[in-house]
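A look at the structure
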Amino acid sequence: MTIYCLYIFDRHCNCAYYHDWHRTKRPRRANEGGGLLQGVSHALAPLPASAPASAPGTPITSPRNTLGAGAGVLVAFGGAGQPQQEPQSAPPLLQTQAGGMPPSAPAGGTGLPFDEEAKLVYGVILSLRNMIKRLSGRDETFVCYRTSAYKLHLFETVSGYRFVMLSDPNAESLRFVMRSIYTGPFLEYVVRNPLASMDSREQGVDNEYFRASVDRLVRGLSVFL
Amino acid sequence: MAIFGLWVINKAGGLVYQRDFAEGLAQLSSNEYLVLAGTLHGIHAITSRLSPIGASSGAHVIEGETFKMTILLTATGTKFVLLTSIAETSAGAVLQRVYEAYADAVMKNPFHTPEMPIRSEGFDARIVALIGTGHT
């Protein structure tokens, strides 16, 4: 029983946050100018056009270097996909792994660029919501769907934020997990954060405290491995 | 525990058979069913692309709050969709038998054009015998 990843979409249909744990098929970096908001996920932001795209350890493109990132908020990528190592030095809150992506992931990738993937996810949940509403005739929302390889759960808040979580197909409903992410880390580090711009159209809601507390919450679940 | 409806969608995404059983879902016009079937066909294709771990089938079960849709995709691309209440456990088995009835009464019918809407009394009779009124 495992949880693969989490997307948070705001009411403007943009992906505001992304966090993954066990994906074996990593998403590619977003295309430059592809509409991905800054501050969603440092590892998936588009590389600046001038930077060499080859070696992941070069000073400009290394995830340790936050000077090049356009986000105004310090973001830290916790090296998802590998066993989490406890942070050894205090700042930043999470230790960034050297060379970001695991070596097995091809640089070009067989997957979609992240911004396209986020749009696809949003499109799927929007279409399914409309379909279920039309079919039932009542104001009914789509809850989850299951394929042979994963299960996708949706939790929607009254303010229009949509939490989408992908888990393994045998998982029980994760609505409660997403609800606790909403009432815990989200309210604490995003809503109540005076520096986080929530309803903007250019900025995501990634910040190191939010990321760390979401990570802690999800890894502490009994359903997580 | 109830079965609300059955759809059969051809491999191009067009609805070829639709039948309602128990009450519980909205009554829609045949045009709206056609649109929804096409939407479902597209969504099914996209769900296989969104997998976080590589290859995946399309969606098998899509759940709302009071009903769920179980989808059987055959090797030829035909989709059988059963709309049931959440508690219904036999949806997979029912769809298998619907597929068998389809193979017998529709595919072996020399007067039926493949991928066209199904107008077959034999198929209707077998479906009624299988599902009845939809209440279990």
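No experiment lies behind these values; they were computed from the predicted model shown.

Before going further, it helps to spend a moment on the overall build of chain A. A count of helical and extended segments in chain A gives 3 helices and 5 strands. Sorting the 225 residues of chain A into buried and exposed places 49% on the buried side. Partitioning the contacts of chain A with sequence separation of at least 6, the portion at a separation of at least 24 is 54%. As presented, chain A carries roughly 10,300 Å² of accessible surface, and 56% of it is formed by carbon and sulfur atoms.

Take the side chain of T78(B) next. The topology assignment puts T78(B) in the loop between β4 (67–73) and β5 (79–85). When residues no more than four places from it in sequence are discounted, the contact partners of T78(B) are V8(B), I9(B), L72(B), L73(B) and Y102(B).

On to the environment of V121(A). Summarising the element assignment, V121(A) is placed in helix α1 (residues 114–136). Under the relative-accessibility criterion, V121(A) is labelled buried at 2%. Taking the C-alpha atoms as reference, V121(A) lies 14 Å from F142(A); in sequence the two are 21 residues apart. Those residues in contact with V121(A), other than ones at most four positions away along the chain, are Y7(A), F9(A), V164(A) and L50(B).

Residues other than glycine seldom take positive phi values, yet C13(A) does so here, at roughly 70°. Within the element layout of this structure, C13(A) appears in the loop between β1 (3–9) and β2 (15–20). Here the phi dihedral of E115(B) falls at roughly 70°; this positive angle occurs in a residue that is not glycine. With respect to the helices, strands and loops of the structure, E115(B) is situated in the loop between α2 (91–107) and α3 (121–131). Overall, E115(B) belongs to the partly exposed group, its relative accessible area being 29%.

What follows is about the pairing of strand β1 (residues 3–9) of chain B. Residue and element names in this part refer to chain B. In terms of burial, β1 is a largely internal element, 7 of the 7 residues being buried. Sheet topology note: the β1/β5 ladder contains 6 bridges and is antiparallel. Its bridge partner lying in β5, I3 is registered against T84. The hairpin formed by β1 and strand β2 (residues 15–20) contains 5 residues between the paired strands, and G13 there has a positive phi angle of roughly 100°.

Turning our attention to the state of the cysteines. Residues and elements named next belong to chain A. In this structure the tally under the stated criterion is 0 disulfides over all chains. Sulfur of C15: no disulfide; nearest cysteine sulfur belongs to C5 and is 10.0 Å away. No disulfide involves C144; its nearest neighbouring cysteine sulfur is the one of C5, lying 15 Å away. Taking relative accessible area as the criterion, C144 reaches 5% and is therefore assigned buried.

Y7(A), L135(A), Y145(A), W7(B), I62(B) and M69(B) are the most contacted members of the largest nonpolar core, which totals 45 residues. For this core, the element with the most residues is α1(A), which contributes 10 residues. Contacts of Y145(A), omitting those with residues within four sequence positions, involve V124(A), L128(A), Y150(A), K151(A), L152(A), T47(B), L50(B), A59(B), V61(B) and I62(B).

Contacts between chain A and chain B engage 30 residues on the former and 34 residues on the latter. Roughly 2,900 Å² is buried in total at the junction of chain A and chain B, and carbon and sulfur atoms are behind 66% of that figure. When the buried area of chain A at its contact with chain B is split by residue, M131(A), R134(A) and L135(A) rank highest and sum to 23% of it. Taken together, chain A and chain B are joined by 0 salt bridges. Across the chain A-chain B interface, the total number found is 13 residue pairs in polar contact (both at pLDDT 80 or more). Of all the secondary structure elements, the ones that give two or more residues to the side of chain A that touches chain B are α1 and β3 (144–146) of chain A. In terms of residue count, the dominant contributor to the side of chain A that touches chain B is α1(A) (11 residues). Split by residue class, the side of chain A that touches chain B holds 16 nonpolar, 7 polar and 7 charged.

Parameters and conventions
Residues numbered from 1 in each chain as written. Chains lettered and ligands numbered in written order. Predicted model: local features only at pLDDT ≥ 70, side-chain atom pairs only at ≥ 80, totals over all residues. Heavy atoms only, no water. Helix = DSSP H or I, 4+ residues; strand = E, 2+ residues; numbered from the N terminus. Buried < 20%, exposed > 50% of the residue type's maximum accessible area, 1.4 Å probe, protein only. Contact = heavy atoms within 4.5 Å. Areas by Shrake-Rupley, 256 points an atom, 1.4 Å probe, with all protein chains shown as cover. Pairing = 2+ DSSP bridges. Disulfide = S-S within 2.5 Å. Core = buried A, V, L, I, M, F, W, Y, C linked by side-chain atoms within 4.5 Å. Buried area = accessible area lost by both parts, 1.4 Å probe. Salt bridge = Lys/Arg side-chain N within 4 Å of Asp/Glu carboxyl O. Polar contact = N/O pair within 3.5 Å; in protein donor to acceptor, adjacent residues only side chain to side chain. Nonpolar A, V, L, I, M, F, W, Y, C, P; charged D, E, K, R; others polar.

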